[in-house]
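A look at the structure
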Amino acid sequence: MSTTSFVCRPLSLAFGAVLALVAHGGETAVAQEYTWRIQSNLNEGDPGQVALREGFADTASRMSGGRMAFEVYPVGALYPVADGLEAVGAGVTEMALLTGGYYSGKVGPIAILETGVPGSLRTPVERYNFFYRQGFLELAREAYAPFGVYYLGPQLSSSWDLMSKTPITSAEDFDGLKVRAFGIEADWFAAMGASPVFMGGGEIYTALATGVIDAARWSSPAGNFNSSFHEVAKYYVQPSAMPVPNNFFAVNQAAWEGLPDDLKAILEEAAIRSSLEYLAIAIERDAKALEEMKAAGVEVVTIPDDVWVEMEGEARSLWQAYAEEGDLPRRGVEMLNAFLADLGRAE
């Protein structure tokens, strides 16, 4: 498959095409149809993958009157998840659902702030306001533009939790642990003596089963249960390491620029709808999934409040330091600190 950048692939205008009949000097304009491919970074059945299909793709297709259609692929179906940023920028697919923290080595620490950082925001509504009312969305778009990627919007999600093969109830329990993590989490866990390992979601089960890793932070209870991690990791760690994270909708810049304004607006609204679907699905499924994991022998272990506060302080010191690493992360840290101050949680 060529990786040459392209705008989109118009479908042939045949029977069943949507026709926009607009009279201009006797001429008839025909509305163009588009079929876009989206590769996700999630497994089939994961709440976020369901929300991608139903909340985003189906919504956008319906709102556009069928002028937009989507082929949705799970993680790794068309290219490795680690290549997602370059693949979208080059037009291998018109879209992808990506996790910004995967690409912090290329985009910089602004990508970690975009994904979400421990010791900061606490609820999905706070996260929504940070993007859409505090202006972080525009900062994220500025960060990804040099890679040929239009940052359409976040896919806000429920918590991304840690499951382990051994109980974790203190910072000391991370010492020597091989943990699937990336971005600030990797630095955070490493500061407590762990050995972070990066891998895509499709590799986690086997890595846990074979001892390549001892623990993994992946998804909420529903996502973790769907991935069968309870079969190979019997401890569910609370509080959540990532209480309000997000993936994001990456769009090939040329494909985005080739859309008419009404379809752009539809995609922006569908991205928000996908977040709501993700959260709604998670609320519905998480409690049930956790109970089913308990029935299968999983034990919920809790890090005490006073210990957790100290651990969060270590995490805050890490993301505060991003302000020294360039203009974009500085602006991101300042924006987050200002929002926390508005919420009454400034340090």
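Residues numbered from 1 in each chain as written. Predicted model: local features only at pLDDT ≥ 70, side-chain atom pairs only at ≥ 80, totals over all residues. Heavy atoms only, no water.

1. Here's the deal with the overall build of the chain
Each helix and strand counted, the chain has 13 helices and 13 strands in total. For 347 residues, the compact-globule estimate of 2.2 N^0.38 gives 20 Å, and the chain sits close to it at 21 Å. In terms of overall dimensions, the chain has C-alpha extents of about 75 × 45 × 35 Å along its principal axes. Burial statistics for the chain: of 347 residues in total, 53% are counted as buried. If you take every contact in the chain between residues at least 6 apart in sequence, the share linking residues at least 24 apart comes to 75%. One way to put it: in the chain the 24 positive side-chain charges average out to a point 4 Å from where the 45 negative ones average out. (Helix = DSSP H or I, 4+ residues; strand = E, 2+ residues; numbered from the N terminus. Rg over C-alpha atoms; globule rule 2.2 N^0.38 Å. Buried < 20%, exposed > 50% of the residue type's maximum accessible area, 1.4 Å probe, protein only. Contact = heavy atoms within 4.5 Å. Lys, Arg positive; Asp, Glu negative; His and termini not counted. Charge placed at Lys NZ, Arg CZ, Asp CG, Glu CD.)

2. Observations concerning the packing of helix α1 (residues 47-63) against helix α11 (residues 261-295)
Running from N to C, α1 and α11 point in directions that differ by 145 degrees, and their axes come no closer than 8 Å. Taken as a pair, α1 and α11 cross one another with a handedness that is right-handed. Contact with α1, carried on its side by Pro47, Gly48, Val50, Ala51, Leu52, Gly55, Phe56, Thr59, Ala60, Arg62 and Met63, involves Ile266, Leu267, Glu269, Ala270, Ala271, Arg273, Ser274, Glu277, Tyr278, Ile281 and Arg285 of α11 and no other residues of that element. Its residues assigned to classes, the contact of α1 with α11 shows 13 nonpolar, four polar and five charged. (Axes fitted to C-alpha atoms, helices over the stretch in contact; angles between N-to-C directions. Left-handed = near helix turned anticlockwise from the far one by under 90°. Nonpolar A, V, L, I, M, F, W, Y, C, P; charged D, E, K, R; others polar.)

3. Some details on the side chain of Thr59
Counting through the fold element by element, Thr59 comes out in helix α1. When near neighbours in sequence (up to four residues on either side) are disregarded, Thr59 contacts Glu54, Ala270 and Arg273.

4. Focus: the confidence of the model for the chain
Overall, the prediction assigns the chain a mean pLDDT of 90, with 91% of residues at 70 or greater. Confidence drops under a pLDDT of 50 for residues 1-29, and excluding neighbours within four residues, the segment shows 52 contacts in the predicted structure. (pLDDT = per-residue confidence, 0-100.)

5. Some points on the environment of Lys234
Among the secondary structure elements, Lys234 is positioned in the loop between α9 (221-226) and β11 (235-242). Note: C-alpha distance between Lys234 and Gly153 (81 residues apart in sequence) is 35 Å. Other than its neighbours up to four places away in sequence, Lys234 contacts Ser164, Lys165, Ala296, Gly297, Val298 and Glu299.

6. Concerning α1
In this model, α1 (17 residues) spans 22 Å end to end at C-alpha, consistent with the 24 Å of a helix rising 1.5 Å per residue. One or two steps after α1, the chain reaches Gly65, where phi turns positive at roughly 65 degrees. (Expected span 1.5 Å × (residues − 1).)

7. Things to note about helix α5 (residues 124-132)
The complete set of buried residues in α5 reads Glu126, Arg127, Phe130 and Phe131. Taken end-on, α5 shows its buried residues confined to a sector of 135 degrees, consistent with a single buried face. Contacts made by the buried residues of α5 are with α4 (110-115), α6 (136-144), β6 (149-156), β12 (246-252) and α13 (327-342). (Arc of directions from axis to C-beta.)

8. Considerations on the side chain of Ser275
For Ser275, the location among the structural elements is in helix α11. A relative accessible area of 5% means that Ser275 is categorised as buried. Side-chain polar atoms of Ser275 contact the backbone oxygen of Pro154, separated by 3.2 Å. A distance of 2.8 Å separates the side chain of Ser275 from the backbone nitrogen of Leu156, its partner in a polar contact. The residues touching Ser275, leaving out its near neighbours within four places in the chain, are Pro154, Gln155 and Leu156. (Polar contact = N/O pair within 3.5 Å; in protein donor to acceptor, adjacent residues only side chain to side chain.)

9. Thoughts on the environment of Gly55
Structurally, Gly55 is set in helix α1. As a C-alpha pair, Gly55 and Glu269 span 214 residues in sequence and 10.0 Å in three-dimensional space. Beyond its immediate chain neighbours, meaning those up to four positions away, Gly55 contacts Val50, Ala270, Arg273, Ser274 and Glu277.

10. Section: the sheet that holds strand β13 (residues 299-302)
The strands making up a sheet associate through hydrogen bonds between their backbones, and the pairing can be parallel or antiparallel. Pairing is mixed in the open sheet, where six strands are placed in the order β9-β8-β10-β7-β11-β13. Of all the strands in the sheet, just β9 (195-197) and β13 have a single pairing partner and so form its edges. Looking at each pair of strands side by side, their axes are set apart by 30 degrees on average, direction ignored. Bridge count between strand β7 (residues 160-164) and strand β10 (residues 215-217): three bridges; the pairing is antiparallel. Following the sheet pairing, Met163 is matched in β10 by Ala216. Relative to β11, helix α7 (residues 183-191) is tilted by about 120 degrees, and along the sheet it contacts β8 (178-180), β9, β10 and β11. (Pairing = 2+ DSSP bridges.)

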